[in-house]
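Now for the letters of each chain:
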2 protein chains.
Amino acid sequence: MTAQALPREPQQDRSRATRRRLLGAAIDCLASVGWAGTTVAVVAERAGVSRGAAQHHFRTREELVTAAVEYGSEVRMAQMRERLDVLAGRRPSTLDVVTLLGEMYTSPLFRAALQLWVAASSDDQLRALVVPLEARVGREAHRLTVEALGADESVPGVRETVQATLDLVRGLGLAGLLTDDSARRTRLLTQWAATLDQALAR
Amino acid sequence: MTAQALPREPQQDRSRATRRRLLGAAIDCLASVGWAGTTVAVVAERAGVSRGAAQHHFRTREELVTAAVEYGSEVRMAQMRERLDVLAGRRPSTLDVVTLLGEMYTSPLFRAALQLWVAASSDDQLRALVVPLEARVGREAHRLTVEALGADESVPGVRETVQATLDLVRGLGLAGLLTDDSARRTRLLTQWAATLDQALAR
């Protein structure tokens, strides 16, 4: 960093803070009013940011929303990592891990991501932005889950079973979209943790 | 049926055929262009039905789309039942059953239902139509899966494991929304069938 850059830091901090406020507001907005109602103007208002400032950061809602889901996923996975670290004194149980995953896939972030995926399914330009993002987030979620479960993917079938766990919690996220599915989800994940322990031979 | 009703049958048949054409076109339309682009007028055109005739059957797109997803689910489950009957000479294997389920949840019907669920998540009136429909379809899919797997739900954990299978294929449907996920899905369902055989102690 050069000496000249230093005086600009407060402005850069403000700019970063504005950007983060927009990203957070975009997730809330998508999760609550859906894709059609999520425009840069609506998100700017929700974030308490002028429309001009918002447009400076994101020219289109596609850019804004994709950046929001990426940012949200990074934050969420960092949180999951922290919570696993807290549990690290004792090795986190399979139930701890699947419960954390279940929470991740029923959060407003998941609802926001779902809006983005579904919008992208009938919009080729948006799809081109979302497919690499989904692949990156998917790989990171897989890596985190393997590590948390202490799974050995060199054993035949283990990789597929870890993937199935992530597809299962994604399906549970969808099942909880319209109604409170938490009681059923808890019973199901408790049983799945037992099945997983057997399948991974922990 | 009274004697008077008989001469009206051809008209009733035509009316039923028109209705079915509209329902089929609504599923195709939802699956390909999404909720925002699916209006009664667009669906009528796709079905080759006049707008007036379409409005006679369905006053709003909410009515049309909900009826379409319900009709599509009934057809799809009847097809699944037929295919299981064909396999009935030999008892269908767990892999047969999960493969059929995997196909069901990656069909245009699933994509259409997904559009409806996501639209309902930010529209209270639509949600009121969709929640009972989703519950009915979910119960029927569960019943069909229990029967096909020959699962004994009086055994602790079996009910949750069957439910997990349906949540898994729903998650796989979502994973296949933007990219061709079929190779991964096949590997995963093959492994899932093995896990399920152990869990259900078949």
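Conventions and cut-offs
Residues numbered from 1 in each chain as written. Chains lettered and ligands numbered in written order. Predicted model: local features only at pLDDT ≥ 70, side-chain atom pairs only at ≥ 80, totals over all residues. Heavy atoms only, no water. Least-squares fit on C-alpha atoms with pLDDT ≥ 70 in both. Contact = heavy atoms within 4.5 Å. Helix = DSSP H or I, 4+ residues; strand = E, 2+ residues; numbered from the N terminus. Expected span 1.5 Å × (residues − 1). Buried < 20%, exposed > 50% of the residue type's maximum accessible area, 1.4 Å probe, protein only. Buried area = accessible area lost by both parts, 1.4 Å probe. Salt bridge = Lys/Arg side-chain N within 4 Å of Asp/Glu carboxyl O. Polar contact = N/O pair within 3.5 Å; in protein donor to acceptor, adjacent residues only side chain to side chain. Nonpolar A, V, L, I, M, F, W, Y, C, P; charged D, E, K, R; others polar. pLDDT = per-residue confidence, 0-100. UniProt positions renumbered as here; feature names shortened; annotations may be inferred. Axes fitted to C-alpha atoms, helices over the stretch in contact; angles between N-to-C directions. Parallel < 35°, antiparallel > 145°, perpendicular 65-115°, else oblique. Left-handed = near helix turned anticlockwise from the far one by under 90°.

**Considerations on the relation of the copies chain B and chain A**
And step 1. Of the transformation placing chain B onto chain A, the axial shift is 0.0 Å and the rotation is 180 degrees, giving an RMSD of 0.0 Å. Here the two chains are linked by the operation of a two-fold rotation axis.
And step 2. Mapped onto chain A, 100% of the interface residues of chain B again fall at the interface, so both copies present the same surface.

**Some remarks on helix α4 (residues 61-86) of chain A**
And step 1. Here α4(A) contains 26 residues, and its C-alpha end-to-end distance of 37 Å stays within 8% of the 38 Å for a straight helix at 1.5 Å per residue.
And step 2. All of the buried residues along α4(A) are Leu64(A), Val65(A), Thr66(A), Ala67(A), Ala68(A), Val69(A), Gly72(A), Ser73(A), Met77(A), Met80(A) and Leu84(A).

**Quick notes on the interface of chain B and chain A**
And step 1. At the interface, 38 residues of chain B touch 38 residues of chain A.
And step 2. Where chain B abuts chain A, roughly 3300 Å² becomes buried across the two surfaces, and 64% of that area is made up of carbon and sulfur atoms.
And step 3. With a shortest N-O distance of 2.9 Å, Arg184(B) and Asp167(A) are connected by a salt bridge.
And step 4. Summed over the shared surface of chain B and chain A, the number is eight residue pairs in polar contact (both at pLDDT 80 or more).
And step 5. Of all the secondary-structure elements, those providing two or more residues to the side of chain B that touches chain A are α1 (9-33), α6 (108-120), α7 (124-149), α8 (158-175) and α9 (182-199) of chain B.
And step 6. At eleven residues, the largest contribution of residues to the side of chain B that touches chain A is made by α8(B).
And step 7. Within the side of chain B that touches chain A, the residues separate by chemical class into 18 nonpolar, twelve polar and eight charged.

**Some points on the pattern of salt bridges**
And step 1. Here the structure, examined in full by the defined rule, presents 26 salt bridges over all chains.
And step 2. Between Arg184(A) and Asp181(A) there is a salt bridge, and its shortest N-O distance comes to 2.9 Å. Each member of the pair, Arg184(A) as well as Asp181(A), carries the same accessibility label: buried.
And step 3. The closest approach of N and O atoms between Arg59(B) and Glu63(B), which form a salt bridge, is 2.7 Å.
And step 4. One connected set of salt bridges, linked through shared partners, spans Arg81(A), Glu140(A), Arg143(A) and Glu147(A).

**Section: the confidence of the model for chain A**
And step 1. Counting all residues, the mean pLDDT for chain A is 90, and 94% of those residues have values of 70 or more.
And step 2. Predicted confidence in chain A is weakest over α4(A), with a mean pLDDT of 90, and strongest over helix α2 (residues 40-47) of chain A, with 97.

**Things to note about the UniProt feature "domain: HTH tetR-type" (unreviewed entry) in chain A**
And step 1. In the numbering adopted here, UniProt assigns the feature "domain: HTH tetR-type" (unreviewed entry) to residues 16-76 of chain A.
And step 2. With 80% helix and 0% strand, residues 16-76 of chain A has end C-alpha atoms that lie 19 Å from one another.

**Thoughts on the packing of helix α5 (residues 94-104) of chain B against α9(B)**
Residue and element names in this part refer to chain B.
And step 1. Running from N to C, α5 and α9 cross one another at 135 degrees; their axes reach a closest spacing of 9 Å. In this view, α5 runs oblique relative to α9, as classed from their interaxial angle. In this structure, α5 meets α9 at a crossing whose hand is right-handed. Here α5 contributes Thr94, Leu95, Val98 and Gly102 to the contact with α9, which in turn contributes Arg185, Leu189, Thr190, Trp192, Ala193, Leu196 and Asp197.
And step 2. The residue makeup of the contact of α5 with α9, split by class, is six nonpolar, three polar and two charged.

**Structural notes on the side chain of Thr38(A)**
Residues and elements named next belong to chain A.
And step 1. Among the structural elements, Thr38 can be located in the loop between α1 (9-33) and α2.
And step 2. Taking relative accessible area as the criterion, Thr38 reaches 0% and is therefore assigned buried.
And step 3. In contact with Thr38, other than residues within four places in its own chain, are Ala26, Cys29, Leu30, Val33, Val43, Arg61 and Val65.

**Side note on the packing of helix α7 (residues 124-149) of chain A against helix α8 (residues 158-175) of chain A**
Residue and element names in this part refer to chain A.
And step 1. Running from amino to carboxyl end, α7 crosses α8 at an angle of 115 degrees, the nearest separation of the two axes being 10 Å. By the angle between their directions, the pair α7 and α8 is classed as roughly perpendicular. Considering the relative orientation of α7 and α8, their crossing is right-handed. In this structure, α7 uses Ala141, His142, Thr145, Val146 and Leu149 to contact α8, whose residues at the interface are Arg159, Val162, Gln163 and Leu166.
And step 2. Across the contact of α7 with α8, the residue classes break down as five nonpolar, three polar and one charged.

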